[in-house]
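Each chain, letter by letter, is given below.
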Amino acid sequence: MTALKNRYDFVFFFDVTNGNPNGDPDAGNMPRLDPDTNHGLVSDVAIKRKVRDYVMTAHEGEPGHDIYLKNNIVLNEQHERAYNALGVAPRAKPTRGGLEETIQLQKWMCETFFDIRTFGAVMTTEVNCGQVRGPVQITFARSVEEITPMEVSIIRSSVTNRKDRSKGRTMGRKFIVPYGLYCAHGFVNAKLAEKTGFSDADLTLLWTALRDMFELERSASHGEMVSRQLIAFRHESALGNGRSHELFDLVKVGRRVGSEVRDIGEARKSAATPARGFADYEVSVDRGAVPAGVSVLDVF
């Protein structure tokens, strides 16, 4: 496939209702928070994991759509597949003058694994396939307003061991966020896409994965998580026709207060109740300020 030729920057919104979007194992699985502002956080790793899981489920067995990082996989065995395909013996370090071999190994890995072609990978293990810089990067997602995590008591009516049969029901706890709208930024580097082979078809699949990834991973802990909106800025050139942060600043999130849409800071002072749904917000783009050579795409 022909590699992507245009740079993209994008803004991705998703929300959670009565769930835990990304628990912190170092804090008893409490929803991740910025301690200075109480804004909720979802790690970039968590978002990429969901993209990988969607592609693995929706395109299982299709050439070029295998997933490198998946549960219970041995990475060295993934690397050995590339060596076997090239008919060379696995090694920890490239041989002298073995640059061409390393390039071929990386090419095979990019062609085979969607997530390496997209996000890149560090493959300098005992079975060395080098390093690949991926064209797609996604930031931590941050809630547009402060969130208030709730610790909820739950009861289990069963016990694990026979010796505990007489104890009957046991108590437990779980954390939820009553509601939170989160925003993440993303970048697609066309010059790196040339090196990994990331194509327009791959970009379309990435958009689809971001839109539908929550549909395939429903669970009690995640509650109702929904991909709400993705706004992409398409540059005419590979190097770009505008600066990412200036484009992101054109995307505004307002808070509905009655029949009005107000700045979130102002709305917090006047809103009678906290936001409890996506309908409490309005996302807009200052299209008149978009620089020449950049177009705005309402992906979903």
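Look up a bit, the structure's there.
What you see is a predicted model; the values in this text were computed from it and never measured.

### Digging into the packing of aromatic side chains
Across all of its chains, the model carries nine aromatic pairs by this definition. Between Tyr8 and Trp207 the ring centres are 6.3 Å apart and the planes differ by 75°, which places this aromatic pair in the edge-to-face class. Remark: Trp207 occurs in helix α6 (residues 200-212) and Tyr8 occurs in strand β1 (residues 8-19); sequence separation between them is 199 residues. Per residue, the accessibility class of Tyr8 equals that of Trp207, and both read buried. Ring geometry for Phe14 and Phe214: centres 5.6 Å apart, planes at 45°, overall tilted.

### What to know about the pairing of strand β10 (residues 170-188)
Here 11 bridges tie β1 to β10, and the two strands are oriented antiparallel to one another. When the sheet's bridge partners are listed, Phe14 is paired in β10 with Tyr182. Sheet analysis places strand β9 (residues 150-156) next to β10, joined by seven bridges and oriented antiparallel. Within β10, the residue paired with Ile155 across the bridge is Met171.

### Notes on the packing of helix α2 (residues 75-86) against helix α3 (residues 99-112)
In the contact formed by α2 and α3, the axes pass within 9 Å of each other and the chain directions differ by 115°. Along this stretch, α2 crosses α3, giving a crossing that reads as right-handed. Residues Gln78, His79, Arg81, Ala82, Tyr83, Ala85 and Leu86 of α2 lie in contact with α3, whose contacting residues are Glu101, Gln104, Leu105, Trp108, Met109 and Thr112. Of the residues in the contact of α2 with α3, the class split is seven nonpolar, four polar and two charged.

### Points about the side chain of His79
Looking at where His79 falls in the secondary structure, it is placed in helix α2. Note on His79: relative accessible area 0%, which makes it buried. Among the polar contacts made by the side chain of His79, one reaches the side chain of Thr125 at a distance of 3.1 Å. Here His79 is in contact with Tyr68, Met109, Met123, Thr125, Val127 and Cys129, once residues within four sequence places are set aside.

Rules behind the numbers
- Residues numbered from 1 in each chain as written.
- Predicted model: local features only at pLDDT ≥ 70, side-chain atom pairs only at ≥ 80, totals over all residues.
- Heavy atoms only, no water.
- Phe/Tyr/Trp six-rings, centres within 6.5 Å; stacked < 30°, edge-to-face > 60°.
- Helix = DSSP H or I, 4+ residues; strand = E, 2+ residues; numbered from the N terminus.
- Buried < 20%, exposed > 50% of the residue type's maximum accessible area, 1.4 Å probe, protein only.
- Pairing = 2+ DSSP bridges.
- Axes fitted to C-alpha atoms, helices over the stretch in contact; angles between N-to-C directions.
- Left-handed = near helix turned anticlockwise from the far one by under 90°.
- Contact = heavy atoms within 4.5 Å.
- Nonpolar A, V, L, I, M, F, W, Y, C, P; charged D, E, K, R; others polar.
- Polar contact = N/O pair within 3.5 Å; in protein donor to acceptor, adjacent residues only side chain to side chain.

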